[in-house]
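Listed below are the residues making up each chain.
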Amino acid sequence: MKGTILRCLKELVEEKFGVDKWRAVAAKVEGMPRVILPISDVPDAKVIEAVQATCDVLGITLQQAADAFGDYWVNVYSQKYYSSFYKNTDNARDFILSMDKVHEAMTSNLENAHPPKFSYAWKDDKTLIFDYTSNRGLIDFAVGLLKGVGIHYNTNLKITKLSDKQIEIIFP
Ligand code: HEM
């Protein structure tokens, strides 16, 4: 996975919980790079280990870590580094519907990127079935990120994980 994901996790832990906490997380992950460049390649297993270590060090569940990551990624990290993707959308619905294309565009010229694939089906005019395909099995992070989008656009989204592949999003 691209280093940007791990870098965001590091920034989040350091900023919200303290530099010492990240040191404790890093100490649990063998071969954790000291400097994490956004376009570097980090083995998926190391990212998963770092997430697990974060849960252990902070005493939080995986979904709590995923929610904290999603909020930080959408509302802090990507606002600094990827703000262009927010320029053309002023609402949560359009932003979420643009995510498949954004992941494709972001990674199409990056070697070794394997972005998740999203597809969309409307159950009724307010209920979107968001389909997540990736062999990484990180749907809890997709849930946390979607919650972050709701916070960003100040929109009360009802988000429910239906399975390891599907999330239901009800718009107001
Ligand atoms: C401007 C906003 C965003 C940008 C620029 C962005 C970009 C990226 C990048 C570069 C990766 C790493 C891909 C790789 O290394 O193969 C990634 C992973 C991921 N993104 Fe996003 N992302 C954004 C928002 C979102 C949102 C709102 C969701 C909600 C569904 C999401 C879901 C995920 C997931 C679940 C992964 C983990 C990889 C996987 O499951 O295979 N992202 N994203």
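Here goes a summary of the coordinates provided. Because the structure is a prediction, the values reported are computed rather than measured.

Some words on the coordination of the iron atom of the ligand
- Coordination of the iron atom of the ligand by the protein comes from a single atom, H103 (NE2), at 2.0 Å.
- On the secondary structure map, H103 appears in helix α6 (residues 92–107).

Comments concerning the sheet that holds strand β2 (residues 127–133)
- If you trace the 4 strands from one edge of the open sheet to the other, you get β1-β2-β4-β3, paired in antiparallel fashion. The sheet terminates laterally at β1 (117–124) and β3 (158–161), the two strands that pair on one side only. The sheet shows a mean angle of 20° between the axes of neighbouring strands, taken without regard to direction.
- In terms of strand pairing, β3 meets strand β4 (residues 166–170) through 4 bridges, oriented antiparallel. From the neighbouring strand, K158 faces β4, where its bridge partner is I170.
- Against the sheet, α6 engages β1, β2 and β4, with an angle of about 155° to β1.

A closer look at the site of the ligand
- Taken together, 24 residues are adjacent to the ligand, and K2, H103, Y132, S134 and R136 come closest.
- Between the ligand and K2, the relevant distance is 2.7 Å, taken from an oxygen atom to a main-chain nitrogen or oxygen of the residue.
- Broken down by secondary-structure element, the contributors of at least two residues to the shell around the ligand are α5 (84–87), α6, β2 and α7 (139–152).
- Per-element accounting of the shell around the ligand gives the leading share, 4 residues, to α7.
- Of the residues assigned to the shell around the ligand, the class counts are 19 nonpolar, 3 polar and 2 charged.

About the cut-offs
- For every chain, the first residue of its written sequence is number 1, and the numbers climb from 1 along that sequence.
- Thresholds applied to this predicted model are a pLDDT of at least 70 for local features of residues and 80 or more for the giving and counting of side-chain atom pairs; totals over whole chains, interfaces and linings are not thresholded and use all residues.
- Excluding hydrogens and water, the side-chain values take into account all heavy atoms of the structure.
- Because water is not among the atoms used, a metal site may look incomplete, as its donors are only the N, O and S atoms within 2.8 Å, or 3.2 Å for Na, K and Ca.
- What counts as a helix is a DSSP run of H or I of at least four residues, what counts as a strand is a run of E of at least two, and both are numbered from the N terminus.
- For two strands to be treated as a pair, DSSP must find at least two bridges joining them.
- Structural elements are reduced to axes, namely lines fitted to C-alpha atoms, with helices fitted over the stretch in contact, and the angle between N-to-C directions of any two is expressed from 0 to 180 degrees.
- Contacts between residues were defined by any pair of non-hydrogen atoms, one from each residue, lying within 4.5 Å.
- Here a residue counts as near a molecule or strand whenever at least one of its heavy atoms sits within 4 Å of it.
- Pairing of N or O atoms within 3.5 Å defines a polar contact, subject to two protein rules: one partner must be a possible hydrogen donor and the other a possible acceptor, and residues neighboring in sequence count only if both atoms are side-chain atoms.
- Side-chain classes follow a simple rule in which Ala, Val, Leu, Ile, Met, Phe, Trp, Tyr, Cys and Pro form the nonpolar group, Asp, Glu, Lys and Arg form the charged group, and the remainder, Gly included, forms the polar group.

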